[in-house]
Amino acid sequence: MDKISIIIPIYNAEKYLKECLDSLIKQEYGNVEIILVNDGSKDSSKEICMQYLTDKRIVYVEQINGGVSKARNLGLSKATGEYIAFIDSDDMLVDGALGQVMDIIEKFNGEVPSTIEELMSLAGVGKKTANVVYSVAFGGAAIAVDTHVFRVSRRIGLYLGIINALTDRAAS
């Protein structure tokens, strides 16, 4: 089972951070590393993170506020997984979401398609409407533009999400 390193940039995220972390901890896909990157938060985000450090899958790092890109890059430098996922601190995954993503990747022989169009072609599905979720023929999964998942060796950024699996609080 390949490891997924999940990188979460955190900046003043106290409102939704617990929900985000709880949704990741309860994922059934077992081989995960959760990297929390505190980007100089001024609220109680750090204290919330500290409550989760008893879970051996969680790594916590801090930096002076430098923005989400710098936080993601710091997380990448700490990642040990074969796959990388970027998840925002206001996102939540439903049970089984990571397993579904890995099932999709397995169907493509361990590679992540580099574009939504490539995925649609390989999966044999068509575009429903512009800027909407794209259905995939297996497992009730779908591809959306929210969460990045890519294989470390290829360093490509396909935005993978699972229909009804990712709740983006900022988009609500």
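Residues numbered from 1 in each chain as written. Predicted model: local features only at pLDDT ≥ 70, side-chain atom pairs only at ≥ 80, totals over all residues. Heavy atoms only, no water.

Asks: Give me the nonpolar core: which residues, what numbers.
Replies: Among the nonpolar cores identified, the biggest contains 27 residues, and Ile4, Ile6, Ile8, Leu24, Ile34 and Leu36 are the most heavily contacted of them. Every element with two or more residues in this core is listed here: β1 (4–10), α1 (17–25), β2 (32–38), α2 (45–51), β3 (58–62), β4 (83–86) and α4 (97–107). Broken down by element, the residue count for this core peaks at five residues, all from α4. Non-local contacts of Leu24, meaning those with residues more than four positions away in its chain, are made with Ile6, Ile8, Ile34, Ile87 and Leu93. Judged by nonpolar contacts, the second largest core, of seven residues, contains Ile35, Val61, Ala71 and Phe86. (Core = buried A, V, L, I, M, F, W, Y, C linked by side-chain atoms within 4.5 Å. Buried < 20%, exposed > 50% of the residue type's maximum accessible area, 1.4 Å probe, protein only. Helix = DSSP H or I, 4+ residues; strand = E, 2+ residues; numbered from the N terminus. Contact = heavy atoms within 4.5 Å.)

Asks: Can you tell me about α4, naming the residues and giving the values?
Replies: Considered for burial, the residues of α4 that qualify are Ala97, Leu98, Gly99, Val101, Met102, Ile104 and Ile105. Just beyond α4, the residue with positive phi is Asn109, at close to 55°.

Asks: Outline the pattern of salt bridges, supporting the account with residue identities and numerical values.
Replies: Applying the stated rule across the entire model yields four salt bridges. Across the pair Asp88 and Arg72 runs a salt bridge whose closest N-O atoms are separated by 3.0 Å. Taken together, the positions of Asp88 in the loop between β4 and β5 (91–93) and Arg72 in helix α3 (residues 68–78) put the pair 16 residues apart, joining distant regions of the chain. Classification of Asp88 as partly exposed rests on a relative accessible area of 26%. (Salt bridge = Lys/Arg side-chain N within 4 Å of Asp/Glu carboxyl O.)

Asks: How would you sum up the pairing of β2? Please name residues and give values.
Replies: For β2, the tally of buried residues reaches seven of seven residues, placing the bulk of the element in the interior. Of the two faces of β2, the one holding Val32, Ile34, Leu36 and Asn38 and the one holding Glu33, Ile35 and Val37 are both buried throughout. In terms of strand pairing, β1 meets β2 through seven bridges, oriented parallel. Residue pairing for β2: Pro9 is matched across the bridge by Val37. Note that the unit made of β1, α1 and β2 has a crossover that is right-handed. Across five bridges, the pairing between β2 and β3 is parallel. The partner of Ile35 across the bridge, within β3, is Val59. (Pairing = 2+ DSSP bridges. Right-handed = clockwise from strand over helix to strand, strands pointing away.)

Asks: So what about the confidence of the model for the chain? Which residues, and what values?
Replies: Across the chain, pLDDT averages 73, with 63% of residues at or above 70. Confidence over residues 125–172 falls short of pLDDT 50; this stretch has 129 contacts with residues more than four positions distant or in other chains. (pLDDT = per-residue confidence, 0-100.)

Asks: Run through the environment of Thr80, naming residues and quoting values.
Replies: Structurally, Thr80 can be placed in the loop between α3 and β4. With a relative accessible area of 47%, Thr80 lands in the partly exposed category. Along the chain, Thr80 and Val32 lie 48 residues apart, while their C-alpha atoms are 9.7 Å from each other. Other than its neighbours up to four places away in sequence, Thr80 contacts Lys3, Ser5 and Glu33. A distance of 3.0 Å separates the side chain of Thr80 from the side chain of Lys3, its partner in a polar contact. (Polar contact = N/O pair within 3.5 Å; in protein donor to acceptor, adjacent residues only side chain to side chain.)

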